[in-house]
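# Breakdown of the fold
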Amino acid sequence: EMARAAMTASLIPLFAALGGGAGAVHFAAISRDADLLASGGSAWAMLGVRLGRLLLTVSIFTISARQGWPALLAAALGFVVARQIVVMHRLGTAR
């Protein structure tokens, strides 16, 4: 049990990075989906973006949850931080 806790603790930065990467892709895909919707883009393209976003997000959080709550929390934190970065970039307020 002690070895598992040590291994999980050493993987926390990895899960934070995975969550951040997944979050960046997730929220960039939402932006892309909105652009497609506003410009009258292909329904198939919109469906593909939505399904890809959902699959990536569920996969990352499922993998994280199977490693325990610290890994899941790290992934969620990375996801939320990525949201802020993508939204600020989209709004043009990123530095």
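Before reading further, recall that the structure is shown in the block above.
Presented here is an overview of the structure given in this document.

What counts and what doesn't
- Residues numbered from 1 in each chain as written.
- Predicted model: local features only at pLDDT ≥ 70, side-chain atom pairs only at ≥ 80, totals over all residues.
- Heavy atoms only, no water.
- Helix = DSSP H or I, 4+ residues; strand = E, 2+ residues; numbered from the N terminus.
- Rg over C-alpha atoms; globule rule 2.2 N^0.38 Å.
- Buried < 20%, exposed > 50% of the residue type's maximum accessible area, 1.4 Å probe, protein only.
- Contact = heavy atoms within 4.5 Å.
- Areas by Shrake-Rupley, 256 points an atom, 1.4 Å probe, with all protein chains shown as cover.
- Polar contact = N/O pair within 3.5 Å; in protein donor to acceptor, adjacent residues only side chain to side chain.
- Axes fitted to C-alpha atoms, helices over the stretch in contact; angles between N-to-C directions.
- Parallel < 35°, antiparallel > 145°, perpendicular 65-115°, else oblique.
- Left-handed = near helix turned anticlockwise from the far one by under 90°.
- Phe/Tyr/Trp six-rings, centres within 6.5 Å; stacked < 30°, edge-to-face > 60°.
- Expected span 1.5 Å × (residues − 1).
- Salt bridge = Lys/Arg side-chain N within 4 Å of Asp/Glu carboxyl O.

### Section: the overall build of the chain
- For the chain, the count of helices and strands is 3 helices and 0 strands.
- Tracing the chain from N to C terminus, the helices and strands come up as α-α-α.
- Relative to its length of 95 residues, the chain is extended, with a C-alpha radius of gyration of 16 Å against a globular reference of 12 Å.
- In terms of overall dimensions, the chain has C-alpha extents of about 55 × 35 × 15 Å along its principal axes.
- When the 95 residues of the chain are sorted by exposure, 25% land in the buried category.
- In the chain, of all internal contacts separated by at least 6 residues, the share reaching a separation of at least 24 is 68%.
- Accessible surface, the chain: about 6300 Å² in total, of which carbon and sulfur atoms supply 72%.

### Focus: the side chain of S31
- Examined against the element boundaries, S31 turns out to sit in helix α1 (residues 2-38).
- At 2.9 Å, the side chain of S31 forms a polar contact with the side chain of R90.

### A closer look at the environment of A45
- With respect to the helices and strands, the residue A45 is situated in helix α2 (residues 43-66).
- For A45, a relative accessible area of 31% corresponds to the partly exposed category.
- Taking the C-alpha atoms as reference, A45 lies 9.9 Å from R32; in sequence the two are 13 residues apart.

### Let's talk about the packing of α2 against helix α3 (residues 69-91)
- Put simply, α2 and α3 touch, their axes get as near as 7 Å, and they point 150° apart. Looking at the two axes, α2 sits roughly antiparallel to α3. As α2 packs across α3, the resulting crossing turns out to be right-handed. Along its contact with α2, which presents T57, F61, S64 and A65, the element α3 presents A71, L72, A75, A76 and F79.

### Points about the packing of aromatic side chains
- Summed over the entire model, instances satisfying the criterion amount to 2 aromatic pairs.
- Through a chain of ring-to-ring contacts, the aromatic side chains of F27, F61 and F79 assemble into a single cluster.

### Focus on α3
- Under the 1.5 Å per step criterion, the end-to-end length of α3 is 33 Å for 23 residues, consistent within 8% with the ideal 33 Å.
- Backbone geometry just after α3 places G92 at a positive phi near 80°.

### Structural notes on the pattern of salt bridges
- Going through the model one piece at a time under the given rule, you end up with 2 salt bridges.
- When the shortest N-O distance is used, the salt bridge between R50 and D33 registers 2.7 Å. In this pair, R50 is assigned in helix α2 and D33 in helix α1, connecting sequence segments 17 residues apart.
- Residue R50 is classed as partly exposed on the basis of its relative accessible area of 38%.
- Among the ionic pairs, D35 bridges to R90, the shortest N-O distance being 2.8 Å. Within this pair, whereas D35 is found in helix α1, its partner R90 is found in helix α3, the two being separated by 55 residues in sequence.

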